[in-house]
Structure formats: C-alpha cells, structure tokens
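Report on the structure
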Amino acid sequence: MKKNKIALIFLSVLLMLALVTGCGGQTGSSSGGENKGGGSDDTIKIGFMGALTGNEASYGIETLKGMKMAAEDLNKEGGVLGKRIEIVESDHGSKLSEAASVVQKLISKDRVVAIVGDPTTGKTKLAAPICQQNKVVLLSAGAVGPGVVEIGDYIFRDTLLDAVAAPAVTEYLVNKLGWKKVAIVTSTNNDYSVGLTKIFEEALARHNAQVVDKESIQDGDQDFSAQVTRIKQARPDGIIFTGYYTEGGLFMKEVRKQGLDLKMAGGDGLLSPVLWKLGGDAVEGSMVYTGFAADPANAAPQTKEFIQKYQAANDNKLPDMFSAQGYDAVMLLAKAMKEANSTDPSKFKDALAKTRDYPGVSGSLTFLPNREPVKSPVYLLEVKNQQFSIKAVLPTEAPKV
Amino acid sequence: MEQWLSSVIDPYYQQVLMLVGIYIIAALGLNLITGLCGQLTFGHAAFLSIGAYTAAILTRDFHLPFILSLVLGGLMAALFGILLGIPVLRLTGDYLGIATLGFGEIVRVAFTNMKITGGAIGLAAIPRASNLINVTFFVILAVAAVVLLENSRFGRALKAIREDEIAAEAMGINAMWYKIQAFGIGCFLAGISGGFYAHLLQYLNPNDFGFLKSFEILNFVVLGGLGSIPGTIVGTTVLTLAPEFLRFVQEYRMMIYGLLLVLMMIFRPHGLLGGVNFRRLLRRRKQKATALSS
C-alpha cells in the first residue's frame, strides 16, 4: 500500500513536470513575437503542418526539409522585408484529431502568418476551414485531391494536378506515340484511379483517340486474366492504367503472359520500385508521369542548384517531389509578402493569388483565377533496366473549365 | 459567447480540452461495457464513427439542428450496438474481443465504400458546432448518468455478471439481457462522442476510425482503472493531454508517451485509480473526523 502510494506520488510529480516544462517550452519558443498579431518585430513565422511520425511521415519529413532549406536561403539574403523567416514545426503523428490541434496551436499559440501543409488531401481539408476562419494562409505542398481550394480564398496548393498533367500526357501518347486506340484499366475501389480515368477519357476524346476497351479491377486483385483476354480481343495500341503500382506490375505480367506486346502508361500512382519488383521484365517500357523528377543533367538552373544543395546536405540522396514543393511553398509565400510589402495574410494572399509563371524548383507555377495551380512541365518517366528514366518533358496548359 | 470564451481560454487549449471531453464521453461508454460488465470489446471506434457520420450527414446534408443530430447519431450507434450485441455477446472474453474487432473493420470498410460518406476521400465541410460549453455540458450529463447507473440495481447486476456470470444467472439475473443493455448504452455514449468529434474536426475519414482508435480508448479506460469512473476520466485526460504537452521533446514525444504507459502499468497494474473506492475513502475520513471531535 505504502509502496503504491510512493509510486503514485512519483508518477504525479513526473506528469506535473512534463506539464510545467511543456508549457514553459512553448511560451519560451514563441516569446519572440507574441501578441503582435500576425508576425513580430524581427521574425516572420511560417508553420509546418505534417507528420514526422506515423505512416505519412515520409511526406512530412521531406516537405519540412525543403521548407528549412528555403528559410535558410532567404535568411542568408537578409530575410523578407528585413525580417527573418522562422519555420515552426509541429508533428501530428498522422492522426486526424492531433492534426486539428496542431493547426489551432500554430495559429493561436505560435501566431504564424501562413501554414505550409498538409502533404495529404484529407488533412489539408481538415486544416483549411480553421485557417480560413482565422485568416491565415494555408499552402499545401502535396494535396492533389478535389475540393481543396474551394474551401476559401486563403487556401492554396502548389502541386501538379492530374487535371493538368493527364491531358499533356494524353497528347503525347496520341500524337507522338500514335495511340489511336486505347484500353483503359480502372481500379474501382480506388478514388484516385476512378478520378484519373475520367480525366484521361475526356482528354482522349479531345484528341480523337478511341477508347476500345474499358476494364475494371480492384485494389488487392491478383488475377487479371479475364480483363487481359478482353483487351487482347479489342486490339488497342496501348493501355492506360490509372491504379497503383502493385496491381500495375501484376497486370503487365499477365499482359506479357498472354503474348501481348503493349505498353502501359499511368499516373504517379505507379511511381514506385515495387512496379518492377512485381512486374519484372513485363513493365520495361511502361510510362509513368510525375510532377518532379530530380534530373541534374537537364534541369532548369534553379532546380539544378536546389538538387546540388539538397545532395550536399543529405548524403548525396536525390530530392523528391515533396522536398521540392516544400521549398517552393516557402519561396512563394516570401515572394508574395515582398510584393504586398506586408506580412498581413489578408494582404499577401492577394499577391500570392496573382502569381504567374513563377520559376520554382519543382517547375513553373501559375495560379488560375480560382487559385488552382497550373504547373509545367510534367515529366514522363519510362522504366528502363529496372529504373525510371526521363522519356519526355512535356509542357502543360491550363485545363479548360 | 464563443468570442468571449476565446478571450478567456486560448483556442488551442479549447481544442485540446474539447478533445479530452469528447474522449471522456466515449471512454465512459467503454468503461460501462468493459469495466463494469466485464465484456472485452475492441470495436468501440466503430460506434464512434457510426455516431460521427450519422450526425455529420444529418447536419450537413439535411440541415437538422446539431443537438438533435447528435442524439440521433447516438441512437444509431446504440441500434447497431444492440444488433451486433444480440449474436455476439453470447461469446466471452477473447472471442468477443475478436468478434468486435472484426465488426470494427467491417464498419470502416463499409464507410470507405459508401457514396454518402464521401468514401476514401472523406467527408468535409461539416459545420463546426462543438464548443467547450456544449461538450462540457454533455460530459457532466454523461458522468452523472454513469454514476447513477453504477449505483443502481442495474449497475450491481452488471458487476455481478463481471464477477461470475453463472452465479449471477443463479441469482435470477438475465445476463444476456443486461449485457445487451450495457452494450447499447455504451455505444450510445460512443455515438454522442462521435457526433461531437465530427463537429469539432469538421472532416471525417474512415481510416481515422481503425482499430488503433479502439485501442486508444481502451487504453484510456485500462490506464485509469477498469471499472472506475474517476479513473476513466483521469486516464483519458492524462493520455489525451500527454502527446500535446510532450511536444517540447519533439521526436522523442511518442517514445516518452510509451514509457509513461509502461511505467504506469508497472507501478499501478490496476490502473491509476483502479481499486480505489472513493465512497469508502470519504466515509473513512468522515469517521475519523467524528472520532476525533468526540
């Protein structure tokens, strides 16, 4: 009994300690600029929202790396409007409930003027109403799903949208590779796939290509023999596959098994080494498009510089899409603040919305009047010797609404 | 009202406090099922999600008043709880646990594939109707309800079932009927909690209600002390606040959180307040006081 009591007291003290130091740490870190209403005397705070732990951590960690590189570059040149850029990071552990707390904390405790995040569409949608209500700019460096920027005029994203990329790829497939007759394969229990198929179908219709066969699969399927048999009978010039890499690899294996010499093209849902780990030789020549490919040889000057800096800081590892878009996000915000000559989100959000042809490290970016980004170029990658190599760099144009 | 509130309490603290309150309501429901009645269930998050989606769709698409949709969400969760309970509560112990775990996964997959729930993309644009006042009000209501229940004939029957079901049956308690009632009430509380959760986050995603969430709530109850209402409240508060207050240690946050769990289980295997009888404590103190004064 007595021992238990001591243990209980010990535990309570430990918890109290955590509580007290927790509060102390927070007020300490934000004491630089409190109660000044949106920024302070000598720093501009930009919040990072994303996961550093949990199953979405790989996106968040890369985004944060890019953001920190951007802040460093800006501060080296004297900051923005004479103030230093400070990145306030908060991990939400890939949890929805914590993500809401994190956004609220960044806004009301840290008093950030803008938040970069979240890399996923779902959590961006969760953060957007809170940011809109509190008049803080939210710039997602990863959300691609529908219904994000519609939430309000403080909400932005700097990603390559499928609605922009897929038509450019379609044009290449139809006009350069001569795919006049196409088979489309959709994974019906995958929202990304269903949406992408729709975009491809519209683009194919615009380029007078014929969809000779539409096949449905499900994520998790292993046997595609029935679908491939039907494709064989339809005699297409190529296959557009809108699902993920696991099914993509297995599907192509079945295609080769049935003696078809067709190539597959698809979105960045196929972008993974798992594609050839499962598909082997069958996926050689398969094409995948993506918004960013680290290509030190042919990259634009600003991208080349970014890749070099990233490699120097990360053991020669090449940057991915998230780090590049995280870098661009901070740079875009800084540029908007400079143009508006203000760190007030209600002012620089308008300058941000006016961004046209911004030469970012992840491609050039233009915001449409509805704040949706149009990015160019799109990289079409090809599987060659079990590796992705750049097949074509395609310019994009604004989608016709 | 809300503006006045945010001038007194920082919105961030309000957010966290509301989350604590919402989890307390859910944990009280689970405590009734697992703590008081002794039925191990791993599917509590499923009932949370049923309540959350029902209430959210009712306010968002049918423009029903918030409190009404909240109650309807709770009733929907209770309905599913009872429907599930009738076949499944014949199982005991681990088997019941596995069956409820399975049900939780079914619900998650069903919500992922339904049109009205927004599928895998999630349900967005839910009005923000939860505030500290209505959450606090419902927490008090829930605490009062479960305290009254625990000390009633019903509560004693549940305890009897927990201790020895056969003996309880021999004393004339219809164990099945009581278990289903307890399950229904527990799920109702989970549904209410889910409704608040939806109208706090304004966005729902089926993946958020996986078995991890069920275990999280079970953690709250077990850590506080199975069967103890004050324990459930303390356990939920500590475990919900800990990840927020541990932010200063950054990447070590979840490690320390885990360490806290291990330490507590070593020093207090029955939970923080498990086995502490507050009534008896109070009575003893009173006796001491009267003995001293006389």
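Residues numbered from 1 in each chain as written. Chains lettered and ligands numbered in written order. Predicted model: local features only at pLDDT ≥ 70, side-chain atom pairs only at ≥ 80, totals over all residues. Heavy atoms only, no water.

**Side note on the sheet that holds strand β4 (residues 137–140) of chain A**
Hydrogen bonds between backbone atoms are what pair the strands of a sheet, whose relative direction is either parallel or antiparallel. All names here are of chain A. The sheet built from five strands is open, its strands ordered β2-β1-β3-β4-β5 with parallel pairing. Only two strands of the sheet have a single neighbouring strand rather than two, namely β2 (84–91) and β5 (155–157). Within this sheet the neighbouring strands show an average axis-to-axis angle of 25°, counted without direction. Note that β4 and β5 share three bridges and pair parallel. Of the residues in β5, the one forming a bridge with L139 is F156. Of the strands in this sheet, β3 (114–116), β4 and β5 touch helix α12 (residues 345–353), which is tilted by about 35° from β4. (Pairing = 2+ DSSP bridges. Helix = DSSP H or I, 4+ residues; strand = E, 2+ residues; numbered from the N terminus. Axes fitted to C-alpha atoms, helices over the stretch in contact; angles between N-to-C directions. Contact = heavy atoms within 4.5 Å.)

**Digging into empty space enclosed by the protein**
Counted according to the given criterion, the structure contains three cavities of 30 Å³ or more. Forming the boundary of the largest cavity are 13 residues, of which E98 of chain A together with Y23, E216, T240 and P243 of chain B lie nearest the centre. Within the residue set of the lining of the largest cavity, elements represented by two or more residues are α3 (96–108) of chain A together with α2 (11–36), α10 (211–224) and α11 (229–245) of chain B. Considered class by class, the residues forming the lining of the largest cavity number six nonpolar, two polar and five charged. (1 Å grid on protein atoms, 1.4 Å probe; cavity = no way out; pocket = protein on both sides within 12 Å on 5 of 7 lines; lining within 4 Å. Points joined across faces, edges and corners; volume = space filled by probe spheres on them. Nonpolar A, V, L, I, M, F, W, Y, C, P; charged D, E, K, R; others polar.)

**Here we look at the packing of α2 of chain B against α11 of chain B**
Residue and element names in this part refer to chain B. α11 packs onto α2 with a crossing angle of 140° between their chain directions and a minimal axis gap of 9 Å. Classified by the angle between their axes, α2 and α11 sit oblique to one another. Read as a crossing pair, α2 and α11 show a hand that is right-handed. Counted together, Y12, V16, L19, V20, Y23, I24, A27, L28 and N31 of α2 and I229, T232, I233, T236, T237, T240, L241 and E244 of α11 form the full contact between these two elements. In terms of residue class, the contact of α2 with α11 is built from 11 nonpolar, five polar and one charged. (Parallel < 35°, antiparallel > 145°, perpendicular 65-115°, else oblique. Left-handed = near helix turned anticlockwise from the far one by under 90°.)

**Section: the interface of chain B and chain A**
A common way to express how large an interface is: the accessible area buried when the components associate. The partner chain A presents 37 residues to the 37 residues of chain B that form the contact. The interface formed by chain B and chain A includes one salt bridge. Across the pair E98 of chain A and R247 of chain B runs a salt bridge whose closest N-O atoms are separated by 3.6 Å. Applying the counting rule to chain B against chain A returns six residue pairs in polar contact (both at pLDDT 80 or more). Of all the secondary structure elements, the ones that give two or more residues to the side of chain B that touches chain A are α2, α9 (175–201), α11 and α12 (253–267) of chain B. Looking at the side of chain B that touches chain A, the element that brings in the most residues is α2 of chain B, giving seven residues. (Salt bridge = Lys/Arg side-chain N within 4 Å of Asp/Glu carboxyl O. Polar contact = N/O pair within 3.5 Å; in protein donor to acceptor, adjacent residues only side chain to side chain.)

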